[in-house]
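Now for the letters of each chain:
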Amino acid sequence: MGDSEAVVTDSSASMDYTSAVYNSTGSGACPPEATGDPNASGAPVDGTYAASGGYLNSAGQKGQICVTNEMPAMSGEEDRLWSIVRANSLDFNAWTALIEETEKVAEDNILKIRKVYDAFLAEFPLCYGYWKKYADHEARIGSMDKVVEVYERAVQGVTYSVDIWVLYCSFAIETYGDPETIRRLFERGLAYVGTDYLSFPLWDKYIEYEYMHQEWSRLAVIYTRILENPNHQLDRYFNSFKELAGSRPFLELRTAEEAAAYVSGIASEADGEVLEGEVRPGAAEQTPKPVSAGSTEAVELEKYVAIREALYKKAKEFDSKILGFETAIRRPYFHVRPLNVSELENWHNYLDFVEREGDVNKVVKLYERCLIACANYPEYWIRYVLCMEASRRMDLADNALARATRFFVKRQPEIHLFDARFKEQHGDIPGARAAYQLVHSEISPGLLEAIIKHANMESRLGKLDDAFSLYEQAIAIEKGKEHSQTLSMLYAQYSRFSFLVSGNAEKAREILTRALDHVQLSKPFLEALIHFETILPPLRQIDYLESLVDKFLAPSLDGSTADKEDLSSIFLEFLGLFGDVQSIKRAEDRHAKLFLPCRPISELRKRQAEDFSSSDKTKLAKSYSGAPSPGQSLLGIYPNAQNQWQAGYGAQPQTWPPTTQSPAQAQAQPWTPGYGQQGAYGACSSYGSNYATQQVPTSVPQSAGYGAYPATYPVQSFPQPTTAMTLTPVQQPAATVPQNYYGSYY
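Keep in mind the model is a prediction, meaning the values are calculated, not measured. (Residues numbered from 1 in each chain as written. Predicted model: local features only at pLDDT ≥ 70, side-chain atom pairs only at ≥ 80, totals over all residues. Heavy atoms only, no water.)

A.B. asks: Please clarify how the packing of aromatic side chains should be interpreted in this entry.
C.D. replies: Each pair of aromatic rings is reported with the distance of its centres and the angle of its planes. According to the stated counting rule, one finds 37 aromatic pairs in the structure shown. Between W165 and Y168, the aromatic rings sit 6.4 Å apart at their centres with planes inclined by 25°, giving stacked as the arrangement. Taken together, the residues span about one helical turn, with W165 and Y168 both in helix α6 (residues 162-175) at a distance of three residues. There is no split in this pair, since W165 and Y168 are both buried. Ring centres of Y367 and Y384 lie 4.8 Å apart, and the angle between their planes is 10°; on these two criteria the pair is classed as stacked. Of this pair, Y367 sits in helix α16 (residues 360-373) while Y384 sits in helix α17 (residues 378-390), and the two are 17 residues apart along the sequence. An aromatic cluster of three or more residues is present, and its members are Y151, Y160, W165, Y168, F171, Y176 and Y192. In this structure, K115 is placed above the aromatic ring of W82, and the distance from its NZ or CZ to the ring centre is 4.9 Å. Across the ring face of F318, the terminal group of K362 is positioned such that the distance to the ring centre comes to 4.4 Å. (Phe/Tyr/Trp six-rings, centres within 6.5 Å; stacked < 30°, edge-to-face > 60°. Helix = DSSP H or I, 4+ residues; strand = E, 2+ residues; numbered from the N terminus. Buried < 20%, exposed > 50% of the residue type's maximum accessible area, 1.4 Å probe, protein only. Lys NZ or Arg CZ within 6 Å of the ring centre and 35° of its normal.)

A.B. asks: What should I look at first to understand the nonpolar core in this one?
C.D. replies: A general tendency of soluble globular proteins is for nonpolar side chains to be buried together. Ranked by size, the top nonpolar core spans 119 residues in total, and within it F120, I164, W165, L202, W347, C374 and Y380 carry the most contacts. Apart from residues lying up to four places away in sequence, W347 is in contact with I329, L366, R369, C370, A373, C374 and Y380. Judged by nonpolar contacts, the second largest core, of 51 residues, contains L447, L448, F499 and L536. (Core = buried A, V, L, I, M, F, W, Y, C linked by side-chain atoms within 4.5 Å. Contact = heavy atoms within 4.5 Å.)

A.B. asks: In this structure, what is going on with the pattern of salt bridges? I would like to understand it.
C.D. replies: Opposite charge on two side chains permits pairing when their charged atoms draw close. Evaluated as defined, the whole model comprises 41 salt bridges. For the salt bridge of K112 with E78, the shortest nitrogen-to-oxygen distance reads 2.7 Å. Here E78 lies in helix α1 (residues 76-87) and K112 lies in helix α3 (residues 110-123), a separation of 34 residues in the sequence. Residue classification places E78 among the buried residues on the basis of a relative accessible area of 2%. Two residues, R383 and D352, come together in a salt bridge whose shortest N-O distance is 2.4 Å. Taken together, the positions of R383 in helix α17 and D352 in helix α15 (residues 341-357) put the pair 31 residues apart, joining distant regions of the chain. (Salt bridge = Lys/Arg side-chain N within 4 Å of Asp/Glu carboxyl O.)

A.B. asks: Is there a simple way to explain helix α7 (residues 179-193) in this structure?
C.D. replies: An α-helical turn contains 3.6 residues, so any two residues separated by three or four positions project in the same direction. Spanning 15 residues, α7 covers 21 Å between terminal C-alpha atoms, matching the ideal 21 Å at 1.5 Å per step. When α7 is considered as a whole, its buried residues turn out to be T181, I182, R183, L185, F186, G189, L190, A191, Y192 and V193. (Expected span 1.5 Å × (residues − 1).)

A.B. asks: Can you help me understand the environment of A455 in this one?
C.D. replies: By the secondary structure assignment, A455 is in helix α21 (residues 447-460). Setting aside residues up to four positions removed in sequence, A455 forms contacts with A467, L470, Y471 and F497.

Put into structure tokens, the structure is as follows:
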């Protein structure tokens, strides 16, 4: 009565794509054909399918792609749609339109169909319905071996999907005559998804198959396995088991092993309970009583049912604990539409609960389920990695991080920034540099934060010249752009970084002076300059700042009135700490002239009362409580709800050398908190320390397997992205409409 689960534990397969997968372009020798056995159809033990088409061998080299005839010309509509998806590979509607158009015009040309499905499924491998459509096309105009190949790629791309295993097993039942081949495929699928709360369609298919062959003992074993775990249809399965036990002779329900044990027990009793001249306890009462075969069988059947009823009750007890979480999962499958907030919170709460239970196998399975529905959310990948790290399962942590950064959320900067810090903490400095460089070169929304974190890392490693070079290179690139919104903040951060690590105030000011030749005056940039002056030693360049503020506040300069008023207030409060009487008066007069006439009388009185009751430092702190600092502004580039990992993770104290400042100067730096972590993870949200130290207890045996199943299984693979496309993220509208679990291919 073993559990049919498998937990991925071998990380060696995560980067190894040795199986040959066809694509629709290229030429050369064809990879080996599949054998026709769904258990050995081109999925070798040391490699996994790459959903991108093509394949990589064990050395990481690109393999040859097989093409047997020329690709026909595309229609005008196909060409137009291909242009759209190349420019924005996340345009799901354009993809589906392209597939429909290709299916309409391709007729029986399998190369065109392969090309569009390979490209689409390289981007969206979790869309199980499209794997089914692809396999149907291969069955119609391809070959049976190619159908098997498509399904093998599918179960590698979305290993923990109940739906894809149901489709694959249904195909096997219709195709293969050998029951053992079909059973092995069922067992493969159940090893991954057999304990999924919504796994009942696969169990039903297995039960249906064994019922068709009247394999009653196999049916009894299947029911026993089902009753060990909570399931959406648990009550139905228990009633079906009792019906089976009541309708078939007990002899038919027992497996060969159970029957042999039963016969052995009867024979032992028939020996008269005598062993080496001694009478076994109870022999005097048992021997004289005649025992009929029928009554013995009835008693054994009652015990047989009672054992399974105990399993059922235990599973029901756990079911009552998770039912609320399971009921709140409205969309357990993948879709490009965002999940609503309540579902996202429910997944976090469910993961919290299972982690507290302390069963690492259940934790892994729930994360893998979660990462089907929540594949587009970096926070869940980050949480999974931290959980596995805390559980000392670095193979699983590395595999999850590789899948996230190389495929599922590869266009979102926060996952690569996390990847870099994670690798640095584990001593992989080249890997950390590569992760930062990826954001530098390909993911513009994360450029500023990546530069800051990368430069900080090089500084910690004692490579200041490399750190400075990073800023210089990024500034040179941004200067070549027509309307760079990052350039001004790059200059501001570079100046501040230079001063903090070298103590050279003149060089820091020179960077800012140089910046004014290339950037437009803006509130964030001037605010950064004002902040920066607070940490510099005297003499502060108050007159120079005043000239810049005056220029920014001029009516001729573009900018919102609100931004100008905010900056004027910030400058006033700065002067309250560091200015003289004349500079304060000039600033107050200018502020009153430009902004106070526009205020309602009631608001003016309220402001005067606040001014009267607040000290300069209090006002200053209040002014910044709602205004982002430059360090915070750079993180505000991504306003979505996915920038959520823990404030504690990676928020380490700076290791820059101390600057020479008097205690008075240090005390008069109210903006320090805004710069305290300089773009560290602490500014990015709410996951990390909660899951870095409070995960699955390390006392849980890590090698424990389920029942009679192997203790190790290949790591879930992840498809390789097609590199030929230009990738541009796209914002999707929020959607809260509940989706049916089954019923459509989107």
